[in-house]
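# Reading the structure
Listed here are the chains, written in short residue letters.
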Amino acid sequence: MKMNSSSFVEEIMKVPASTQAAGAAPNFAEFLIEGARAGKKRDRTEAAISAAASRLLDQVALSALTISDICKEANVAVGTFYLYFPDRNALLEKLLLGFIGFIQTTMLRASRTTDGAERIWHTTAAYYDLFAANQGLMKCLVSRTEDVPQATRVFQKLNHEWITTVVVSLRRRKQGPELPDDEFFRCAYAMGGMVDQYLTALLLNEDPDLMRLSANRETTVNTLSELWKKGLLT
């Protein structure tokens, strides 16, 4: 059996954000399994392998992730793995690129729920939930793993596109400080980087002091949203 040039993971992420159920769980492994449930056996097997890798990354470092463990978690033979992926890094690349698309559609859906300052709250909450529900995958992206350089580049591109969307939207509505475009973009990048660092320390590194201060999701999202508003709306 030859590996398909267009995998199930790639195909499922072509679904527009508008067609994904509102309020859907932000866990990518669950999304993959659910998306393949009505598909062909080939699609269900690929989804099972990808979801297994995603779940294991919540438990082990990327360097410790093995094909044998992935197959055991997915309940497939090691030989079956190679019908879908030539090696571990090929799986990781498709998995992370699919997850980046998942981030994008989830954030876009959240941004369309309302307008103005409330939009900042909803998108911040969506990003928090993505971090919390997909810690292993997020760690791979924010740590910029050298095993999958393409994923790093695509994540950077997604970050740039999202920042551009925010800045252009605020400019169009004549909101935000009167700053040159470059300065406005620098502020937006700084705010985004600050949120990444905060959530990394809280959810990935489990800093004890930060966990004590940020035990409540709602208050944490409120704090991060207020910082966005003060940085970009005043």
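Above this text you will find the structure in question.
Here we summarise the structure given alongside this text.

## Looking at the overall build of the protein
Within the protein, the secondary structure is distributed over 12 helices and 0 strands. What you see in the protein, going N to C, is helices and strands ordered as α-α-α-α-α-α-α-α-α-α-α-α. Counting only residues that meet the buried cut, the protein has 44% of its 234 residues in that class. Taking contacts inside the protein between residues at least 6 apart in sequence as the whole, the part at least 24 apart equals 68%. Just so you have it, the protein exposes about 12200 Å², and 54% of that area is on carbon and sulfur atoms.

## Things to note about the environment of Ala52
Positionally, Ala52 belongs in helix H3 (residues 41–57). Not counting residues up to four positions away in its chain, the partners in contact with Ala52 are Ile70, Glu73 and Ala74.

## Side note on the packing of helix H2 (residues 28–36) against helix H6 (residues 88–111)
Packing of H2 against H6 leaves a shortest axis separation of 11 Å and a crossing angle of 95°. Relative to H6, the element H2 lies roughly perpendicular. Only Leu95, Gly98, Phe99 and Phe102 of H6 make contact with H2, whose side of the interface consists of Phe28, Phe31 and Leu32. When grouped by side-chain class, the residues that make up the contact of H2 with H6 number 6 nonpolar, 1 polar and no charged.

## Comments concerning helix H4 (residues 67–74)
Within H4, burial applies to Ile67, Ile70, Cys71 and Ala74. Buried residues along H4 cover an arc of 95° about the axis, so they all sit on one side. Tucked inside the fold, the buried residues of H4 contact H3, helix H5 (78–84) and H6. Backbone geometry just downstream of H4 places Asn75 in the positive-phi region, at approximately 60°.

## Some points on the pattern of salt bridges
A full pass over the atoms with the stated rule returns 6 salt bridges. In this structure, Arg217 and Asp129 form a salt bridge, with 2.8 Å as the shortest nitrogen-oxygen distance. Of this pair, Arg217 sits in helix H12 (residues 217–232) while Asp129 sits in helix H7 (residues 116–133), and the two are 88 residues apart along the sequence. Judged by its relative accessible area of 26%, Arg217 falls in the partly exposed class. You can call Asp129 partly exposed: its relative accessible area is 23%. Here Glu161 makes a salt bridge to Lys157, at a shortest N to O gap of 2.4 Å. Taken as a pair, Glu161 and Lys157 lie in helix H9 (residues 149–172) at a separation of 4 residues, close to a single helical turn.

## Considerations on the nonpolar core
Of all hydrophobic cores here, the largest spans 64 residues; its most connected members are Ile49 and Ile103. Among the elements that make up this core, the one with the highest residue count is H6 (10 residues). Beyond its immediate stretch of four places on either side in the chain, Ile103 contacts Leu130, Met138, Leu141, Phe155 and Leu158.

## A closer look at H6
Counted at 1.5 Å a residue, the expected span for H6 with its 24 residues is 34 Å, and the 34 Å between its end C-alpha atoms agrees. Most of H6 is tucked away: 18 of the 24 residues are buried. Measuring from the side-chain oxygen of the N-cap residue of H6 to the backbone nitrogen of Asn89 gives 3.2 Å; that N-cap residue is Asp87.

## Focus: the packing of aromatic side chains
Remark: the centre distance and the inter-plane angle together describe each pair of aromatic rings, the angle taken between the planes. Evaluation of the coordinates by the stated rule reveals 8 aromatic pairs. On the basis of an interplanar angle of 40° and a centroid distance of 4.9 Å, the ring pair of Phe31 and Phe102 is categorised as tilted. Note that Phe31 is positioned in helix H2 and Phe102 in helix H6, a separation of 71 residues in sequence. Residue class for Phe102 comes out buried when judged on its relative accessible area of 2%. Members of the aromatic cluster, joined through ring pairs, are Phe28, Phe31, Phe99 and Phe102.

## Quick look at unusual backbone geometry
You will see that Asn75, though not glycine, has its phi angle at about 60°, which is positive. For Asn75, the location among the structural elements is in the loop between H4 and H5. Residue classification places Asn75 among the exposed positions, given a relative accessible area of 71%. Here the phi dihedral of Glu206 falls at roughly 50°; this positive angle occurs in a residue that is not glycine.

About the criteria used
Counting of residues starts from 1 at the beginning of each chain's written sequence and follows it residue by residue. Selection of residues for local features in this predicted model requires a pLDDT of at least 70, selection of side-chain atom pairs for listing and counting requires 80 or more, and totals for whole chains, interfaces and linings are taken over all residues. Derived side-chain values reflect all non-hydrogen atoms in the structure, with water molecules and hydrogen atoms excluded from consideration. In this text, helices come from DSSP runs of H or I with a minimum length of four residues, and strands from runs of E with a minimum of two, each type numbered from the N-terminal end. For every residue, the accessible area obtained with a 1.4 Å probe (protein chains only) is divided by the maximum for its type, and the residue is called buried under 20%, exposed over 50%, and partly exposed between those limits. Pairs of residues are marked as contacts when any of their non-hydrogen atoms sit within 4.5 Å. The accessible surface values rely on the Shrake-Rupley method and a 1.4 Å probe; as for residues, cover is taken only from the protein chains in view. Every axis in this analysis is a line fitted to C-alpha atoms, fitted for helices over the stretch in contact. Angles between the N-to-C directions lie between 0 and 180 degrees. Any angle that is under 35 degrees is reported as roughly parallel, and any over 145 degrees as roughly antiparallel; angles of 65 to 115 degrees are reported as roughly perpendicular and all others as oblique. In this count, Pro and Cys sit with the nonpolar residues alongside Ala, Val, Leu, Ile, Met, Phe, Trp and Tyr, while Asp, Glu, Lys and Arg are called charged and the others, Gly among them, polar. By definition, the arc is the one covered by directions from the helix axis to the C-beta atoms. Salt bridges are counted wherever a side-chain nitrogen of Lys or Arg sits within 4 Å of a carboxyl oxygen of Asp or Glu. Throughout, nonpolar core names a set of buried Ala, Val, Leu, Ile, Met, Phe, Trp, Tyr and Cys residues whose side chains join them through atoms within 4.5 Å. Any helix carries an expected span of 1.5 Å times its number of residues minus one. In protein, a polar contact requires one atom able to donate a hydrogen and another able to accept it; more generally it is a pair of N or O atoms within 3.5 Å, and residues adjacent in sequence count only if both atoms are side-chain atoms. The pairing test for Phe, Tyr and Trp rings, Trp by its six-membered ring, is centres within 6.5 Å, and the orientation test on the planes gives stacked under 30 degrees, edge-to-face over 60, and tilted for anything in between.

By themselves, these are just geometric observations and shouldn't be taken as functional.
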